[in-house]
Structures are given as structure tokens and as C-alpha cells.
Amino acid sequence: MRTHSVSPAAVSQTNRQVVALSGCWTARGLGEHESDLVRSAAGAQALLTVDASGIEALDTAGAWVLHTLLAGSGDDGARLSLQGLPAEFAELLESVRQHAVALAHEAVPAAAAVPSVLESTGRGAVGMVEQWLAMLSFMGESAQALAEWLLHPSRIRWRAVLFNLRSAGFDALPIVGLLSFLLGVVVAYQGADQLRQYGANIFVADLVGLSMLREFAPLITAIIVAGRSGSAYAAQIGTMAVTEEIDAMRTLGLAPQELLVLPKVLALVIALPLLTVFADVMGILGGMLMAKTQLDVGFGEFLDRLVKAVSITSYLVGIGKAPVFAAIIVVVGCFQGFRTQGGADSVGRQTTRSVVQSIFLVIVADALFSVAFSLLDL
């Protein structure tokens, strides 16, 4: 087989203002010296004209190098001119030039107009509606997976449930206990001065008992768990979404809700009421200690009045809120984790949203509970 020789592309300066191009300006003729050719041509002093009559062959690679050369300017700012290029080569060069211009326009986006206040508000409202609809869809998928769990109890992953029960429940006891104790101290301390003025020191048990058992204990516990465990759920699932582990689960035929969502729901629905009971005890203990030091109300007197002031209904009202708060925290945290796209920045953004939305919805739910219990006279 005979190999045809190819004249390499070359650049030579014929006089002070003219540079001549010769050889085959093709991918094979240029070889690995494209940048050297352009620098040698563009570096010629006082260069104004490029003589292309000596070019023997031209393809898209050579046309691109030639276009790069012509796009430069001489030392005095004058644009380079091309002469002597055959007509068939000129058409190819023009096509390459048009393509380069199109790419340049695409690379420089047009300045975006600043949206008006009305437009920004509308876009925000549409985005919020879309997010709530997506959350409803996620809740429906999770409910369907829960129904399949109930129909086939053997599919329940008890190991994952126990792990989440320990991480979200037992490991949260120190922070929940400490903050509940301090909250009981604060409530008793704030009410001490007012009660002392009317000689109603013993009613500090009513104040601490009702406020802690009905409102503060379940609410502060839910807020702590939302910031502690809800953020962990969003970060864990978000990282799995970024690393495509969730896509791998679906490829293997595994439902992500069964593996990642339902164990967390079941564990937190069990753990949060127990944490609320622990918060009740620690809050009352803090209030009882403050009543002893500020109002001279003994521990026995405090407990006797507490039993009379707080009914079993008030106690169950606080405990009954906890499962609802738990479901809100898990659903919001897992939902925001599944919506993670991109990289680490998206994980942080969705984690922040999960905490903010969880706390917001918990407070809204608590307000709705208060209105409902008031109407029901509970």
C-alpha cells in the first residue's frame, strides 16, 4: 500500500507587512504545531496581510486555525486581511467563521431583565404551590409504602427502626432533658414575682404543670428533634441523592420509601411521645426546684397541688400532639432530602429548608391543636 506524502503547513514572512501560508492546512498537515503556527504568524512585526495562495489543501481543522489567526490584530490595531485564498477554500473558511460567531453569541448570555415586584411575588407563589403539591405526592407514595408494610409485616426492617429509635430517641435525652429543665426554671422564675405579690405561691404548681404538660414540653421537644434529627434525615438522603445511591436502589427494584422513610417515621412516632414524657418530668423538676428556692414551696406541697391542678386530660393532650409532630418532622426532612440535586451546596440548602419548614409546620400544628382543644373544651 502506497502512502501519499502531505506537505506540512508552514508560515513564512515574505516582507515586513506580508506573511505567506503554504502547505496542507489540514489536520494531518498541521500535526501538533497549530499554536506554533498561529504565534509565528501573529508575532510578525507590522503584519497587515496574509497571503494564502500557497495553501494546497484545507479542511475544518485548518480553517479553524486560519480563522484564529485572522481574528487577531496587528501591533498597531489594524485587522489582518486575507488574500489569494482559492474560492473552494474561502467557502469553508466562511462556514467556520459563522460557526465561531454563533458560539460566541451563545457564550455571552443576554443581561436578564430585573423582574418586577409583582412578577417576583407570582413566581414565588407558583414555586410554593409546586413544592406543596410535590410534598403531597411524596406523602401519598409514603402512605402507599406504609400500606404495603401493614399488609406484609415481614417486610418491616426492624433493624433500621431500632437504629433510628436509638439515634433519634435515646441519644436525644440529654439535650431534651437539659432544655426542658431550664424551661421549667424560667417559667417558675417569671411567675414567682407575680404570685408572691398576691400571696398565691402555691399556684406556681398550676403554672408550671399546665404550661409544661400541655404546651411547652411537646413543643420544645419537637423543635429540638426537628433541628437535630430532621436535619440529619435531609442531609443523609440528600447525600445519597447526590451520589446516585437512590437511583441505584430504584434500579435494583428497591423502594426508597421502605428503606429510608418508613423506618424513620415508625421510630420517631414511638420516640417523640417518650421524649415528651421525659421533658414533662424534667420541666416540672426545674419548676419545683425554683419554687422551693424563690417561693418557699416545699416539694411535697408542690406535688400535692400539681396532682389537683393537672388532670389526666391535660397530660394526654400534650402526649397526643407528639405523634403528629413526629410525622411532620420525618416527612419534611425526608422530602427535602429527596429534592436534593447537584452537589454539596444543594445538600446544605435542602437541609436548611427542612429545619425551617419543620419548625414552622410544628408551630402551626400546635396552634391548630390549641384552637381545636379550645372548641372541644379540653
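Each remark here, short or long, concerns the structure printed above.
Within any chain, residue numbers begin from 1 and follow the written order of that chain's sequence. With the structure being a predicted model, the display of local features is reserved for residues of pLDDT at least 70 and the display and counting of side-chain atom pairs for 80 or more, all residues being used for whole-chain, interface and lining totals. Values reported for side chains reflect all heavy atoms of the structure, with hydrogen atoms and water molecules removed beforehand.

Engineer: I'm lost on helix H11 (residues 299-309) in this one. Help?
Structural biologist: What sets the pattern is the α-helix's 3.6 residues per turn: residues three or four places apart point alike. Of the residues making up H11, those classed as buried are Phe-302, Leu-306 and Ala-309. One side of H11 carries all its buried residues, which in axial view fall inside an arc of 70°. Every exposed residue of H11 that faces more than 90 degrees away from the buried side is listed here: Asp-304, Val-307 and Lys-308. Any two residues whose heavy atoms approach within 4.5 Å at even a single point are treated as in contact. Helical segments are the DSSP runs of H or I of at least four residues, strand segments are the runs of E of at least two, and each set is numbered from the N terminus. The inward-facing, buried residues of H11 contact helix H8 (204-242) and helix H10 (256-294). With a 1.4 Å probe rolled over the protein chains alone, any residue whose accessible area is under 20% of its type maximum counts as buried; one over 50% counts as exposed, and the rest are partly exposed. Working note: the arc is built from the helix axis to C-beta atom directions.

Engineer: I'm lost on the layout of surface pockets in this one. Help?
Structural biologist: Here the idea is plain: a probe the size of a water molecule rolls over the atoms and shows the empty space left. Considering only enclosed or pocket space, the largest pocket measures out at about 250 Å³ in volume. Ranked by residue count, the leading element in the lining of the largest pocket is helix H5 (residues 117-151), at five residues. Under the scheme applied, nonpolar residues are Ala, Val, Leu, Ile, Met, Phe, Trp, Tyr, Cys and Pro; charged residues are Asp, Glu, Lys and Arg; polar residues are all the others, including Gly. Class assignment of the residues belonging to the lining of the largest pocket gives a composition of 12 nonpolar, one polar and no charged. Here a cavity denotes a set of grid points, spaced 1 Å apart and computed over the protein atoms alone, in which a 1.4 Å probe fits but from which it cannot get out, and a pocket denotes an open set meeting protein on both sides within 12 Å along at least five of seven lines; residues with an atom within 4 Å of a point are reported as lining. Grid points are joined across faces, edges and corners, and a volume is the space filled by probe spheres set on the points.

Engineer: Explanation requested: unusual backbone geometry in the structure shown.
Structural biologist: With glycine set apart, most residues show a phi of negative sign, and most peptide bonds adopt trans. In this structure, Glu-244 takes a positive phi of about 65° despite not being glycine. Structurally, Glu-244 is set in the loop between H8 and helix H9 (245-251). For Asp-296, which is not glycine, the phi torsion reads 55° and is therefore positive. Looking at the element boundaries, Asp-296 is found in the loop between H10 and H11.

Engineer: Which parts of the structure should I look at to understand the pairing of strand E3 (residues 49-58)?
Structural biologist: A regular strand places its side chains on the two faces of the sheet in alternate fashion. Pairing between two strands is assigned when DSSP locates at least 2 bridges connecting them. Two strands pair when backbone bridges link them, and strand E2 (residues 18-25) and E3 are joined in this way by seven bridges, in the parallel orientation. Note on E3: the bridge partner recorded for Val-18 is Thr-49. As paired strands, E3 and strand E4 (residues 81-83) are joined by three bridges and run parallel to one another. Directly across from Asp-51, in E4, lies its bridge partner Gln-83.

Engineer: Would you mind showing me how to read the nonpolar core here?
Structural biologist: The nonpolar side chains of a soluble globular protein tend to be buried, and buried together. In plain words, nonpolar cores are sets of buried Ala, Val, Leu, Ile, Met, Phe, Trp, Tyr and Cys residues tied together by side-chain atoms within 4.5 Å. Core analysis: the biggest nonpolar cluster contains 60 residues, and Val-204, Leu-268 and Phe-302 have the highest contact counts within it. The biggest single contributor to this core is H8, with 14 residues. In this structure, Val-204 is in contact with Ala-188, Leu-195, Ala-291, Leu-295 and Phe-302, ignoring residues within four places of it in sequence.

Engineer: How should helix H12 (residues 312-338) be read in this particular structure?
Structural biologist: Working rule for helices: expected span equals 1.5 Å times residues minus one. With 27 residues, H12 extends 40 Å between its outermost C-alpha atoms, agreeing within 8% with the 39 Å of an ideal straight helix rising 1.5 Å per residue. Among the 27 residues of H12, 19 are classified as buried, and the element is accordingly described as predominantly covered.

Engineer: What am I meant to see in the environment of Arg-159 here?
Structural biologist: Along the polypeptide, Arg-159 turns up in helix H6 (residues 158-168). Look at Arg-159 and you get exposed, because its relative accessible area is 75%. Remark: the alpha-carbon pair of Arg-159 and Pro-263, spanning 104 residues in sequence, is separated by 8.9 Å.

Engineer: So what exactly am I meant to see when it comes to the pattern of salt bridges here?
Structural biologist: Opposite charge on two side chains lets them pair, provided their charged atoms get close. Salt-bridge detection follows one rule: a side-chain nitrogen of Lys or Arg within 4 Å of a carboxyl oxygen of Asp or Glu. One pass over the full model with this rule turns up nine salt bridges. Its salt-bridge partner being Arg-155, residue Glu-258 comes within 2.5 Å of it at the nearest N-O pair. Residue Glu-258 is found in helix H10, and its partner Arg-155 is found in the loop between H5 and H6; the two are separated by 103 residues along the sequence. Looking at Glu-258, the relative accessible area reads 7%, which means it is buried. Owing to a relative accessible area of 35%, Arg-155 belongs among the partly exposed residues under this scheme. As a salt-bridge pair, Asp-193 and Arg-196 come within 3.0 Å of each other at their nearest N and O atoms. Of this pair, Asp-193 and Arg-196 both sit in helix H7 (residues 173-197), three residues apart, which is roughly one turn of that helix. Its relative accessible area of 43% is what places Asp-193 among the partly exposed residues.

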